[in-house]
Amino acid sequence: MNGGYAGPVADALRLLPGYLGSHVLVSVTALALGLLVSLPLAILSAHRPALRGVLLAAASLVQTVPGLALLALFYPLLLGVAALTARYIDLKFSALGFLPSVLALALYSMLPVLRNTVTGLVGVDPAVKQAALGVGMTPRQSLVMVELPLALPVIMAGIRTSAVWVIGTATLSTPIGQASLGNYIFTGLQTQNWVFVLFGCAAAAALALAVDQLLALMENGVRTRARARTALGALGLVLIVAGALAPTLARPHARYVVGAKTFTEQYVLAALIEQRLAAAGFSATRREGLGSNVIFDALKAGDIDVYVDYSGTIWANQMHRDDVRPREEVLADVKAWLAGNGGVAMLGALGFENAYALAMTRARAQALGIRSIADLAAHAATLTIAGDYEFFARPEWAAIRRAYGLNFARERQMQPEFMYPAVAAGEVDVISAYTSDGRIAQHDLIVLADPKHAILPYDAILLVAPQRAGDRALIDALMPLVGAIDVSLMREANLRATGAGASPAQVARWMWEEVEKKK
Amino acid sequence: MTAAIAFDNVSKTYEDGRVRALDGVSLDVAEREFVAVVGPSGSGKTTLLQLVNRLAEPTSGTVAVEGADVRAADPIALRRRIGYVFQGIGLFPHMTVAENIAVTPRLLGWDARRRAARVEELIDLVRLSREQAARYPHQLSGGERQRVGVARALAAKPRIVVMDEPFGALDPINRDAIGRDYRHLHDELGLSTVMITHDMLEAVLLADRIAVMQAGRVIAQGTPHELMTGAHGGYVDELMTTPRRQAERLSALMDRGARA
């Protein structure tokens, strides 16, 4: 690893053309669409108080929906629409990424434009409007020649506000599969790479400021009739858009799309898959930071081609099973169910689990002679367990307690970041952990065995989209990953990818070297 | 000879008849005549003027322009052939002096060269300087703005001009100068003019005929001489007292100066 901060910054810069291009594309399209809808609506309603009230109330209502929720809502909505159009009018479109982002952001952009345009038009001096009619203008001529020019500064202020909002909120389109500057932020937050987070924020802010100032320059130019200033502002905007889009458009279309959920392990595995595809001579891109609910539907719809999910997740969330079965049985059932329900192909398990588990320090476990949860039951009454905020409410915990008759002296809830140091320092005796978490190795913890199979197995499984299920070249490129990653390798990889030390791509390369060594 | 403008028993009510702005007004403005309409605020003067180019419609009665009922005319075309000087002038603040003046010719589809020639002509006519053509209204003095307002009204060569307190906001010297300049244009161009004012002295000095309005009615009309000399009852006499007394005092002062 190269250490220091040169690595992550260089990494961030390398990703900038792609992220910035996508960010500009989605923002500009959304803003244009928003203007196209809200300007005519505002003009139409400026002198119709009833319509104006309804429109402004509706736009304000949209504004109260948090940006993230609004964006997330558009995905299932479009997915439904896409299913309908595919069935009835044979029109297929991707409900992931660009389209839902543009629609949600356009909706989000409407309020400032609507409100300012209406305010600007209503605020035009009645004496001037009367004069416009009196000199013989038609209502349309009055609007175009007098009212709109006079309202322009207020309208432009609204457009500038919209532009800043849209550019800022576009960072939230990452979880619904639209690459944006938000990819830095989401990746950075998950891998605790603060350089990435800051880089993403700074880039989005710089873009918003630049666009705002150029729009201000144009507005000033139009108002004072300084053509040079108008042209300069317009030129600046065109340059930003063209400059940001050029690399995106010039890049050849990737053949495969690799998906990743929102945590470190997923970023590393997606990078690994991309590298294996590249090694086999295929171009691939990554759609990272996809919500857990979004990613499976995206695969089924063919918006992404391949990603890593977990057997227990499919078992519980897709198959709606609440019983617990042994690892191999769950894998076989999941594979059969996937094939029979939409045709997603499961290539196989990677070889490790990312399940809930109970963990203790090696020293403490050895001192008490504990190797499994069954051994723990005898000591539990004198021990303290810590879990994350979710753990004690999850079915796993109920199942463990039922199966082994566990009764701890104390149950404590804490942030995962504090849980590991707490058990290492002896403040608590047992913690709930993720089995592939790098911090298990870091703090020299052991994961207690579950002989009664009370905990649902979460095998990492490689899933391929239905329309790629017969793609031999893709499957041949990915099969070497099946069974190749054991839990200690994944833990070490997760540890290496946390913080600013190494990018997921670097860690993925290291992982493949390790896999090769073992052959 | 047909009247330039003929109001025949015109009434105008607002808010379902609860507010009566005009109440059976009949008034003729002959061709080439300059008529001043005088009265207190709220007496219906502005409404009367708005009926001429259909910025307002009468509730009953008819308004005819050059012999034709305005209800038969297209309001847009009507407005483009009647010059209108608005109360408070109403220049377009985002347009230059030249663009303000040329606005009606532009609406009528005149080409750029013809418009430019007309703007120069009018700037000379209303005695502005040509450098002011490229200025914006806020860069002008009050008097200059009034002159632009007059030029704009005259731009499309109307035969009829209506003016709503055109010189109201000016200092006495400017007011007198612009008033006399306009009267000169009225005669030279053969216009028919209706001017609203609340200043009886201005009306007496500029108009051929004066109509006095009160509470939506024309309570007296006649030449300045007729109104100054005849007895017309309460409000009219009261209105005439001030200019009459001013004139008497002025002539007394002049006499004394001559004798000294």
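Residues numbered from 1 in each chain as written. Chains lettered and ligands numbered in written order. Predicted model: local features only at pLDDT ≥ 70, side-chain atom pairs only at ≥ 80, totals over all residues.

Novice: Just checking my understanding: could you explain the overall build of chain B for this structure?
Specialist: For chain B, the helix and strand inventory stands at 10 helices and 10 strands. For 260 residues, the compact-globule formula gives about 18 Å, and the C-alpha radius of gyration of chain B, at 19 Å, lands near that figure. A burial count over chain B gives 42% of its 260 residues as buried. Within chain B, contacts between residues at least 6 apart in sequence are counted, and of these 68% link residues at least 24 apart. (Helix = DSSP H or I, 4+ residues; strand = E, 2+ residues; numbered from the N terminus. Rg over C-alpha atoms; globule rule 2.2 N^0.38 Å. Buried ≥ 20, exposed ≤ 12 C-beta atoms within 10 Å, placed from the backbone. Contact = placed C-beta atoms within 7 Å.)

Novice: Can you help me understand the interface of chain A and chain B in this one?
Specialist: In many analyses, interface size is given as the accessible surface area lost on bringing the parts together. The interface of chain A with chain B comprises 14 residues on the first partner and 16 residues on the second. Elements with a contribution of two residues or more to the side of chain A that touches chain B: helix H5 (126-134) and helix H6 (139-169) of chain A. Considering each element in turn, the side of chain A that touches chain B owes the most residues, 6 residues, to H5(A).

Novice: Can you walk me through the sheet that holds strand S2 (residues 19-29) of chain B in this structure?
Specialist: Two orientations exist for strands paired in a sheet by backbone hydrogen bonds: parallel and antiparallel. All names here are of chain B. Judged by pairing direction, the sheet is antiparallel, and its 4 strands sit side by side in the order S2-S1-S4-S5 without closing on themselves. Two strands bound the open sheet, and with one partner strand each, they are S2 and strand S5 (68-69). Across 5 bridges, the pairing between strand S1 (residues 5-14) and strand S4 (residues 60-65) is antiparallel. Of the residues in S4, the one forming a bridge with Asp8 is Thr62. Across the sheet, helix H1 (residues 45-52) lies against S1, S2 and S4, angled at about 60° from S2, the strand it touches most. (Pairing = 2+ DSSP bridges. Axes fitted to C-alpha atoms, helices over the stretch in contact; angles between N-to-C directions.)

Novice: Would you mind showing me how to read the sheet that holds strand S7 (residues 410-413) of chain A here?
Specialist: Residue and element names in this part refer to chain A. With mixed pairing, the 5 strands of this open sheet are ordered in space as S7-S6-S8-S5-S9. The open sheet has two free edges, formed respectively by S7 and strand S9 (445-447), since each of these has just one partner strand. On average, each strand axis in the sheet is tilted by 35° relative to the strand beside it, whichever way the strands run. Judged from the 3 bridges that link them, strand S5 (residues 356-361) and S9 form a sheet pairing that is antiparallel. When the sheet's bridge partners are listed, Thr361 is paired in S9 with Leu445.

Novice: I'm lost on the domain arrangement of chain A in this one. Help?
Specialist: All names here are of chain A. The domain boundaries assigned to chain A delineate domain 1 (6-250), domain 2 (256-353 + 458-518) and domain 3 (356-447). Inter-centroid distance (C-alpha atoms) of domain 2 to domain 3 is 27 Å. With 13 residues of domain 2 in contact, the opposing surface of domain 3 contributes 10 residues. Mapped onto the side of domain 2 that touches domain 3, the elements with two or more residues apiece are strand S4 (345-353) and helix H20 (487-497). Considering each element in turn, the side of domain 2 that touches domain 3 owes the most residues, 7 residues, to H20. (Domains from an automatic or database assignment.)

Novice: How do you make sense of the environment of A:Gln467 when you look at a structure like this?
Specialist: Residue and element names in this part refer to chain A. Of note, Gln467 is situated in the loop between strand S10 (459-464) and helix H19 (472-478). A residue is classified by how many C-beta atoms lie within 10 Å of it, and Gln467, with 11 of them, is exposed. Along the backbone, Gln467 and Val344 are 123 residues apart, and their C-alpha atoms lie at a distance of 8.3 Å.

Novice: Sorry, what's going on with the environment of A:Phe418 here?
Specialist: Counting through the fold element by element, A:Phe418 comes out in helix H17 (residues 416-424). You can call A:Phe418 partly exposed: it has 13 C-beta atoms within 10 Å.

Novice: Is there a simple way to explain helix H10 (residues 264-279) of chain A in this structure?
Specialist: Each turn of an α-helix holds 3.6 residues, which means side chains three or four residues apart point in the same direction. Residue and element names in this part refer to chain A. A rise of 1.5 Å per residue sets the reference length of H10, with its 16 residues, at 22 Å; its end C-alpha atoms lie 23 Å apart and thus fit the reference within 8%. Judged by how many residues are buried, H10 sits mostly within the fold: 13 of 16 residues are covered. Positive phi shows up at Gly281, right after H10, with a value of about 90°. (Expected span 1.5 Å × (residues − 1).)

Novice: Help me understand the packing of helix H6 (residues 142-154) of chain B against helix H7 (residues 172-189) of chain B in this model?
Specialist: When two helices pack together, their arrangement is given by the angle between the helix axes and by the axis-to-axis distance. Residue and element names in this part refer to chain B. Taken N-terminus to C-terminus, the directions of H6 and H7 make an angle of 20°; their axes are 10 Å apart at the nearest point. Relative to H7, the element H6 is oriented roughly parallel. Read as a crossing pair, H6 and H7 show a hand that is right-handed. Within the contact between the two elements, H6 uses Gly143, Gln146, Arg147 and Val150 and H7 uses Asn174, Ile178 and Tyr182. For the contact of H6 with H7, the residue count by class is 3 nonpolar, 3 polar and 1 charged. (Parallel < 35°, antiparallel > 145°, perpendicular 65-115°, else oblique. Left-handed = near helix turned anticlockwise from the far one by under 90°. Nonpolar A, V, L, I, M, F, W, Y, C, P; charged D, E, K, R; others polar.)

Novice: Just checking my understanding: could you explain the environment of A:Ile475 for this structure?
Specialist: Structurally, A:Ile475 can be placed in helix H19. Between the C-alpha atoms of A:Ile475 and A:Leu277, which are 198 residues apart in sequence, the distance is 9.7 Å.

Novice: What is the right way to look at the domain arrangement of chain B in this model?
Specialist: Residues and elements named next belong to chain B. Here chain B is described as being made up of domain 1 (1-81 + 159-222) and domain 2 (93-157). Domain 1 puts 12 residues into the contact, and the matching count from domain 2 is 15 residues. In terms of residue class, the side of domain 1 that touches domain 2 is built from 8 nonpolar, 1 polar and 3 charged.

Novice: Explanation requested: the nonpolar core in the structure shown.
Specialist: Counting residues in hydrophobic clusters, the biggest one holds 238 residues, and the most contacted among them are A:Val258, A:Val306 and A:Tyr307. Beyond its immediate sequence surroundings of up to four residues, A:Val258 is in contact with A:Ala270, A:Ile273, A:Glu274, A:Ala284, A:Arg286, A:Ile304, A:Val306 and A:Tyr307. (Core = buried A, V, L, I, M, F, W, Y, C linked by C-beta atoms within 7 Å.)

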